[in-house]
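Coordinate analysis (summary)
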Amino acid sequence: MAVTPSSFRSDLLAGKCAVVTGGGTGIGRAVAEDLLRHGARVVIASRNLERLEETARELSSLGEISALACDIADDRQVKTMAAAAQERMGRVDLLINNAAANFIRPSEMLTPVRWRKIVDIVLNGTFYCSLEFGRRMLEQGSGRIVSIVAAYAWTGAPGLLPSAAAKAGVVAMTRTLGAEWAARGVLVNAISPGPIDVPQTREHLWPTPEMQAKVLSSIPLDRFGSEQDVSSLVLFLASDLGRNIAGEVIVSDGGQSLGRGALDMLSELRAVRAKPKGA
Ligand code: NAP
């Protein structure tokens, strides 16, 4: 998947150094690609080094990108990764907390082990990364942290309890750090995408055309979001354009979180009223 070039200036992030967790696949990969297209140097970090290196090779014609192996659920690995990223690029201006994991299971069937697995990655991992890079940014007096959350942080989601609880924690972390670090030059924000049709969601969340249509019918805009809908917001928040935003979560979900309400009834009513009388 190639990211369609956005209409931001191509030097929007010239000279900036970014770390994208989970940057080898899906949304993270698209974010890494868009950052490169706009002049940033990029390190992508996650567990599967082989896949990261393949992504880095594929994107290398766009700019300077390299890969680092790191399980963000392990605070020592995050420490090592942060030091290595800093050494490679000289500084880190931007952290994208994108890495996450998820599975669908009725809550009564959860075990503490499965609960911890997700919370350790999504909540604790995001905390370890934010702290490691945040401290460096505070020292240099500038930086941006953008975390990718999900709408069910507010609504909850049957079958997705560990991820919903962890993402809610990331929203609270975003608001707290956003207020705590803003005056010291470090802006912490989040993006909440709606359903995005990537291989991972196609495989695990809507594997059949019927399931896909059902999800689509919940989105007032009648389209899935794209990875670029997320990466454009990352560019905005990472650049000078986002200089007045702190502790905020920007929602990009085609209106899904608002619900469809009586939208379908409205269309039907319009059709009935448009019919000539007696037809
Ligand atoms: P994805 O392709 O599965 O990406 C998840 C990434 O996280 C993978 O690259 C994975 O790489 C990495 N990761 C998982 N566990 C890790 C760990 N312990 N340490 C380091 N990296 C780890 O999924 P995606 O759809 O692009 O999701 C990206 C983000 O968007 C997630 O935060 C997700 O919650 C959010 N989001 C997605 C959607 C959607 O519809 N797709 C909607 C709302 C929010 P490794 O396996 O190499 O570690």
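Residues numbered from 1 in each chain as written. Predicted model: local features only at pLDDT ≥ 70, side-chain atom pairs only at ≥ 80, totals over all residues. Heavy atoms only, no water.

1. Some thoughts on the overall build of the chain
- Within the chain, the secondary structure is distributed over 10 helices and seven strands.
- Counting only C-alpha atoms, the chain reaches 75 × 50 × 40 Å along its principal axes.
- Looking at the chain as a whole, 46% of its 279 residues qualify as buried.
- Here the chain has roughly 14000 Å² of accessible surface; of this, 54% comes from carbon and sulfur atoms.
- Side-chain charges in the chain split into 31 positive and 29 negative, and the spacing between the mean points of these groups amounts to 4 Å. (Helix = DSSP H or I, 4+ residues; strand = E, 2+ residues; numbered from the N terminus. Buried < 20%, exposed > 50% of the residue type's maximum accessible area, 1.4 Å probe, protein only. Areas by Shrake-Rupley, 256 points an atom, 1.4 Å probe, with all protein chains shown as cover. Lys, Arg positive; Asp, Glu negative; His and termini not counted. Charge placed at Lys NZ, Arg CZ, Asp CG, Glu CD.)

2. Observations regarding the site of the ligand
- Looking at the ligand, there are 26 residues lining it, with T25, S46, R47, N98 and I196 nearest.
- R47 is positioned with one of its side-chain polar atoms (N or O) 2.7 Å from an oxygen atom of the ligand.
- At 2.9 Å from an oxygen atom of the ligand is found a main-chain nitrogen or oxygen belonging to N48.
- Contact with the protein chains hides 89% of the accessible area of the ligand, taken as 880 Å² for the molecule alone.
- Of all the secondary structure elements, the ones that give two or more residues to the shell around the ligand are α1 (26-37) and α7 (199-204).
- Across the shell around the ligand, the residue classes break down as 13 nonpolar, nine polar and four charged. (Near = heavy atom within 4 Å. Polar contact = N/O pair within 3.5 Å; in protein donor to acceptor, adjacent residues only side chain to side chain. Nonpolar A, V, L, I, M, F, W, Y, C, P; charged D, E, K, R; others polar.)

3. Regarding the nonpolar core
- The biggest cluster of nonpolar side chains holds 32 residues, and the ones touching the most others in it are V20, L35, V42, I44, I65, I96 and I191.
- Residue assignment for this core shows that the elements contributing at least two residues are β1 (17-21), α1, β2 (41-46), α2 (49-59), β3 (65-69), β4 (94-97), β5 (143-148) and α9 (227-238).
- Sorting elements by how many residues they give to this core places α9 first, with six residues.
- For I96, the contacting residues outside a window of four places in its chain are V19, V20, T21, V31, L35, V146, I148 and V234.
- One finds V19, A45, C129 and M137 within the second-largest nonpolar core, a separate group that totals 26 residues. (Core = buried A, V, L, I, M, F, W, Y, C linked by side-chain atoms within 4.5 Å. Contact = heavy atoms within 4.5 Å.)

4. Some details on the side chain of S192
- The topology assignment puts S192 in strand β6 (residues 186-193).
- According to the relative accessible area criterion, S192 is buried, its value standing at 1%.
- S192 has contacts with V149, A150, A151, W154, V249, I250, V251 and S252, leaving out every residue within four places of it along the chain.

5. Quick look at unusual backbone geometry
- In this model, D222 sits at a positive phi of 60 degrees, which is unusual for a non-glycine residue.
- One can find D222 in the loop between α8 (209-216) and α9.

6. As for the pairing of β5
- For β5, a buried count of six out of six residues is recorded, marking the element as mostly surrounded by other parts of the structure.
- Pairing geometry for β4 and β5, over four bridges, is parallel. Note that in β5 the partner of I96 across the bridge is V146.
- In this region the chain leaves β4, passes through helix α4 (residues 112-140) and returns to the parallel neighbour β5; the handedness of that crossover is right-handed. (Pairing = 2+ DSSP bridges. Right-handed = clockwise from strand over helix to strand, strands pointing away.)

None of this, on its own, says anything about what the molecule does.
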